[in-house]
Amino acid sequence: MSKENNKRFLQEGKYVMMGNVAMSEGALAAGLEFFGGYPITPSTEVIEHLAKRMPEVGGVCMQMEDELASINAIMGASLVGAKSMTATSGPGFSLMVETISMAACLEIPFVFCDVQRNGPGTGFVTEPHHNDLGLMRFAGNGEFGVIALAPMNCQELFDLTITAFNFAETYRCPVFIISDAYLGHLHEAINIPPKEEIMKKVIPRELPDNFDNKFTYLDPTTNKYITPKAPIMGTDYVPIMFLHQPHNPNGMSSRRLALPFTQMLIDKIKLNMDKISLTEEYKLEDAEIVIISYGLPVRTSYRAVDIARKEGIKVGIFRLITVWPFPDEKVKKVVKDAKAVIVPELNYTGIIAEQVERVTKLETPIIRIPKVCDFHHPNDILEKIREVVK
Amino acid sequence: MSGLPPMYPSEKPEHPYLSISMPGKYFNSYFSLFCAGCGYGIIGHLFNRVFEDEKLDPKLYPMVIGIGCYGQILLTLHHATQRILALHGRAPGLATGMKMANPKMKPIIFSGDGDCLGIGGNHFMHICRRNLDCIIFIFNNSIYAMTGGQGAPTTLFGAMSTTTPYKMFENRVDGIKLALTAGATYVARTTVAHPRTLMKYFRKALKHKGTSVIEVITPCVTYFGRKNLDNLGAENLGLEGQKMENTGIMIDWIKRNSIRINQAKFMTEEELLNKYIIGEFKIDPNKPEYSEEYAKIKKIAMEGK
């Protein structure tokens, strides 16, 4: 659509970048063509940076009148074939859920960066609080699958944003990037890979090779629902109409299709867990105590584990990069022989701890380490590890 | 205008405007979901006429349809149109994204009084402010008809509705005044009782570059007409009213209530209460259009100052 030029990719090399800026650059590298946003602390740097960068690469960055309009605008842009994204924080997210539900129904791909801040209400706007995870999982009315990725440093904010765009193109469901006020404002060194390397990874938005002027959700051979490439308005590759109701392969709605349609929205994520679910393990081979975490607390946990290992305590980290869908099977395997599971999280309830509880069926003791508007100190985690050993 | 010949056959079928509708094309039956006496059938029909006569390329005129009774108009529309049902009130936002991502397009927004002036008032105001190249139809039946006849921001003073069972006492919003203030560059109001004017305004809006707002007054017999008398707003004149139970009375009432813009200049505000001023309010082809302005910004940014 827009003319590609050299400005889209930064020159290969090392940069010191703010988290929000790294995320924006990652999006640009992934082929972002439309950004619609509304300024909200702590995500403002994204729209500020893209307002300058988007016109340079032939894209569009619009500051809309509110969050409702921004997410509808990126949905409209995505419908006509532009890769699009928005960035916001808690209160803005609350406004956007209505449209997320609609986008999930129409299977419109876009990426949604949530730079979380303290809540409820306005909260402390520059402090981190991983309190939107539940909202991400159950955003909007209706049942549908979502994907949420949790980077833990600026490099990953760059890399995982590209992955998020690829997931959005492939599975056509809402894809979230879980950032927070500290991570978004963190300045770190990041490595920008050469242009060719990035280009190889990116899945472009384009018309499929042969579609016979027809858009359908049905696989002609197996007669089952599939997730084809996203339709593009303004071409022949569109359903008869876009209805945000359970619809048949041509786009016409029908009550009888409600069950298979809902099933399709959820199964397209469930059946591809092996490709979607990204996790990392650290010194887990012989671990008796397992730390399960995501995002910033993982970085603290590395330090705590290294110290504990020196003391002879067998402890390891299981890191969730893909938080939603929750990797049930993997977690089950990891906690099978564990004496205890420690879940350091930047919230009080322990949204992920609850998921671990669900998977382990409360057979393994689960220790939460809640922090709100603050970091974990390695000692916080070490204390708990030592307590378990005693 | 590529690939048009098969879409627009040179030989017209028996009834020229039936077969181009969506159910006609795909189901070979010509149904609509509107109540008896509804105005949306007329609007859909007139739209199809213009669409067919002007030989519009459906790929360049995406239809963005809001939530309301007129949502069912998408069955009546030309089968080749590319249409999307937007969320309640968010159609301008959706259209903004479409237009900006593909500036060749000119989105046509169908929205109602509740959709555009109630829940989506903010988005409507800002799309007018930006002067984004699109056409906004506001179908004003002065009631929330889809949900069963609740009071709308445009409900006439003194009218009955299910949420104003005694009488409507709120002041109504004037979509045209709002559009003018916000900065839309083509603003007109007409009614379904003036179909030729509606087609004329639509054709003008298609040629206009910038936000075009066309408000169309349309009757709702089922939820508005049956509850109200046709002397609404003129009770003090001593006229005896009758229930607007059928389209004839209702269309008649709309005609009587429509005042031409040049006549309205000589009337007092009291006289204009519950009246609709019809006509063209503004044409301004010189105001810069948003997507063109953004293209200039792109050029500056790409060349590096």
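Residues numbered from 1 in each chain as written. Chains lettered and ligands numbered in written order. Predicted model: local features only at pLDDT ≥ 70, side-chain atom pairs only at ≥ 80, totals over all residues.

**A look at the overall build of chain B**
Where we set the bar: Only DSSP runs of H or I covering at least 4 residues are called helices, and only runs of E covering at least 2 are called strands; the numbering of each starts at the N terminus. We call a residue exposed when 12 or fewer other C-beta atoms sit within 10 Å of its C-beta, buried when the count reaches 20 or more, and partly exposed for counts in between; the C-beta positions come from the backbone. What counts as a contact is two residues whose backbone-derived C-beta atoms lie within 7 Å of each other.
A tally of regular secondary structure across chain B gives 11 helices and eight strands. Each of the 305 residues in chain B was classed as buried or not, and the buried ones make up 49%. Partitioning the intrachain contacts of chain B with sequence separation of at least 6 by distance along the chain shows that 67% fall at a separation of at least 24.

**Digging into the interface of chain B and chain A**
The line we're drawing: In this classification, the charged set is Asp, Glu, Lys and Arg, the nonpolar set is Ala, Val, Leu, Ile, Met, Phe, Trp, Tyr, Cys and Pro, and all remaining amino acids, among them Gly, are polar.
Between chain B and chain A, the contact holds 28 residues from the first and 36 residues from the second. Breaking the side of chain B that touches chain A down by element, the ones donating at least two residues are β2 (83-85), α4 (91-101), α6 (121-130) and α11 (290-303) of chain B. Among the elements that take part in the side of chain B that touches chain A, α4(B) stands out by supplying eight residues, more than any other. Taken together, the residues of the side of chain B that touches chain A sort by class into 16 nonpolar, eight polar and four charged.

**Here's the deal with the packing of helix α1 (residues 19-29) of chain A against helix α2 (residues 44-56) of chain A**
Residues and elements named next belong to chain A. Convention followed: Where helices are involved, their axes are fitted lines through C-alpha atoms of the stretch in contact, as for all axes, and angles between N-to-C directions lie from 0 to 180°. Angle categories are assigned with fixed cut-offs, so that under 35 degrees is roughly parallel, over 145 is roughly antiparallel, 65 to 115 is roughly perpendicular, and the rest are oblique. Should the near helix be turned anticlockwise from the far one by less than a right angle, the crossing is left-handed, and should it be turned clockwise, the crossing is right-handed.
Across the interface, α1 lies against α2 with an axial gap of 8 Å and an inter-helix angle of 45°. Put simply, α1 runs oblique to α2. Seen along the crossing, α1 lies across α2 with a hand that is right-handed. In this structure, α1 uses N20, V21, M23, S24 and L28 to contact α2, whose residues at the interface are E45, V46, H49, L50 and R53. Class assignment for the residues of the contact of α1 with α2 results in five nonpolar, three polar and two charged.

**Things to note about the nonpolar core**
The condition is simple: Buried Ala, Val, Leu, Ile, Met, Phe, Trp, Tyr and Cys residues whose C-beta atoms connect them within 7 Å together make up a nonpolar core. The domain boundaries here were taken from an automatic or database domain assignment.
Counting 204 residues, the largest nonpolar core has V111(A), I147(A), A148(A), V290(A) and I109(B) as the members making the most contacts within it. At 10 residues, the largest contribution of residues to this core is made by helix α6 (residues 154-171) of chain A. Built from parts of two domains, this core gets at least three residues from each of domain 1 (6-201) and domain 2 (278-389) of chain A. Setting aside residues no more than four positions away along its own chain, I109(B) makes contact with V64(B), A91(B), P92(B), A95(B), C134(B), I135(B), I136(B) and F137(B). Counting five residues, the second-largest nonpolar core is a separate cluster that includes L156(B), M160(B), M168(B) and L232(B).

**Some words on the environment of F9(A)**
Residues and elements named next belong to chain A. Among the secondary structure elements, F9 is positioned in the segment before β1 (13-18). Through-space distance from the C-alpha of F9 to that of A30 is 9.4 Å; in sequence the pair is 21 residues apart. With near-sequence residues (within four places) excluded, F9 lies in contact with A29, K195 and I198.

**Things to note about the domain arrangement of chain A**
Residues and elements named next belong to chain A. In terms of domain boundaries, chain A breaks down into domain 1 (6-201) and domain 2 (278-389). Spacing between the C-alpha centres of domain 1 and domain 2 amounts to 27 Å. Domain 1 puts 22 residues into the contact, and the matching count from domain 2 is 17 residues. Elements with a contribution of two residues or more to the side of domain 1 that touches domain 2: α5 (133-137), β6 (147-149), β7 (175-180) and α7 (181-185). The element contributing the most residues to the side of domain 1 that touches domain 2 is α5, with four residues. Here the side of domain 1 that touches domain 2 is composed, by residue class, of 13 nonpolar, six polar and three charged.

**Remarks on unusual backbone geometry**
Here the amide bond leading from T41(A) into P42(A) is cis, since omega sits at 5°, within 30 degrees of zero. Mapped onto the secondary structure, P42(A) falls in the loop between β2 (34-37) and α2. For the bond running from G119(A) to P120(A), omega is 0°, close enough to zero to count as cis. Mapped onto the fold, P120(A) is located in the loop between β5 (111-116) and α5. Notably, N274(B) is not glycine yet its phi reads approximately 65°, a positive angle. One can find N274(B) in the loop between α10 (261-264) and β8 (276-283). The class of N274(B) is partly exposed, set by 15 C-beta atoms lying within 10 Å.

**Comments concerning the sheet that holds β7(A)**
Residue and element names in this part refer to chain A. Inclusion rule: Only when DSSP finds a minimum of two bridges between them are two strands counted as paired.
Here seven strands make up an open sheet; going across it, the order is β3-β2-β4-β5-β7-β6-β13 and the pairing mixed. Edge positions in the open sheet fall to β3 (60-63) and β13 (322-324), since each of these has one partner strand only. Across this sheet, the average inter-strand angle for adjacent strands is 25°, counted without regard to direction. Alignment of β2 against β3, held across four bridges, turns out to be parallel. Pairing of G37 across the sheet is with Q63, part of β3.

**A short note on the environment of R137(A)**
Residues and elements named next belong to chain A. Relative to the helices and strands, R137 is located in helix α5. Separated by 188 residues in sequence, R137 and P325 place their C-alpha atoms 8.1 Å apart. Discounting residues that sit within four places of it in the chain, R137 has contacts with V146 and W324.

**A closer look at α4(B)**
The element α4(B) is largely enclosed, with a buried count of 11 among its 11 residues. Those residues of α4(B) lying buried are A91(B), P92(B), G93(B), L94(B), A95(B), T96(B), G97(B), M98(B), K99(B), M100(B) and A101(B).

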